[in-house]
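A look at the structure
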Amino acid sequence: AQLSEEEFDIAKEIEILIHTIQAQNPNVSISFTKTEDAFLLRANRSLALQVFTNLIANAVAYSDKTAGKVVISLTGKGNGYLFSSENNGMSITQEYKPEIFSKFFRTPNAKQIRPEGTGLGLFIVKMICDKYAWRVWFQSPAKNQQGTIFFVKMPRS
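Residues numbered from 1 in each chain as written. Predicted model: local features only at pLDDT ≥ 70, side-chain atom pairs only at ≥ 80, totals over all residues. Heavy atoms only, no water.

1. A closer look at the pattern of salt bridges
Tallied over the entire structure, the rule returns seven salt bridges. When the shortest N-O distance is used, the salt bridge between glutamate 15 and lysine 34 registers 3.3 Å. Of the two residues, glutamate 15 is situated in helix H1 (residues 10-24) and lysine 34 in strand S2 (residues 29-34); the sequence distance between them amounts to 19 residues. For lysine 34, a relative accessible area of 36% corresponds to the partly exposed category. Between glutamate 116 and arginine 114 there is a salt bridge, and its shortest N-O distance comes to 3.3 Å. (Salt bridge = Lys/Arg side-chain N within 4 Å of Asp/Glu carboxyl O. Helix = DSSP H or I, 4+ residues; strand = E, 2+ residues; numbered from the N terminus. Buried < 20%, exposed > 50% of the residue type's maximum accessible area, 1.4 Å probe, protein only.)

2. Notes on the environment of phenylalanine 105
You can see phenylalanine 105 is positioned in the loop between strand S5 (80-87) and helix H3 (108-113). Along the primary structure phenylalanine 105 and isoleucine 14 are separated by 91 residues, whereas in three dimensions their C-alpha atoms are 26 Å apart. Not counting chain neighbours up to four residues away, the residues in contact with phenylalanine 105 comprise Tyr96, Glu99, Ile100 and Gly119. (Contact = heavy atoms within 4.5 Å.)

3. Section: the environment of valine 71
For valine 71, the position within the fold is in strand S4 (residues 69-77). Since its relative accessible area comes to 27%, valine 71 is described here as partly exposed. Each C-alpha atom of the pair valine 71 and serine 85 lies 5.9 Å from the other, and the pair is 14 residues apart in sequence. Leaving out residues up to four positions away in the same chain, valine 71 has contacts with Ser31, Ser84, Ser85 and Glu86.

Any link to function would need more than the numbers given here.
Spelled out as structure tokens, the structure:
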């Protein structure tokens, strides 16, 4: 079955996602910066939104327990866009980095923080990114030996 594709502004969709996730997590500070007025993307809307929902919800869920902070950014880069989602929680240790996008994989830290997780979120993100030839990667620690930042690079519509 062929998935329908449409052109939509990913920044507007991300703003809606952040609003919803923020309402569910009032104790976490979420900021969003963007460098352009519109970020037109051509994709299946619900698949694309699954990527950003998973990355933003994870950043919030695994942010610092007492002073959670998540920084989302969308930047125009030449012929593409760069999305990033950074938090100030625990870092992903070196030994687990190669496994992060594997099906059902969860780090011991993640299991402690959120016992109910399935280990499918990042696997789904990777599958969707692969389908659209988007590049997804992460850096952990993000800054000052703390947190993680996930990136998605997408071509312009």
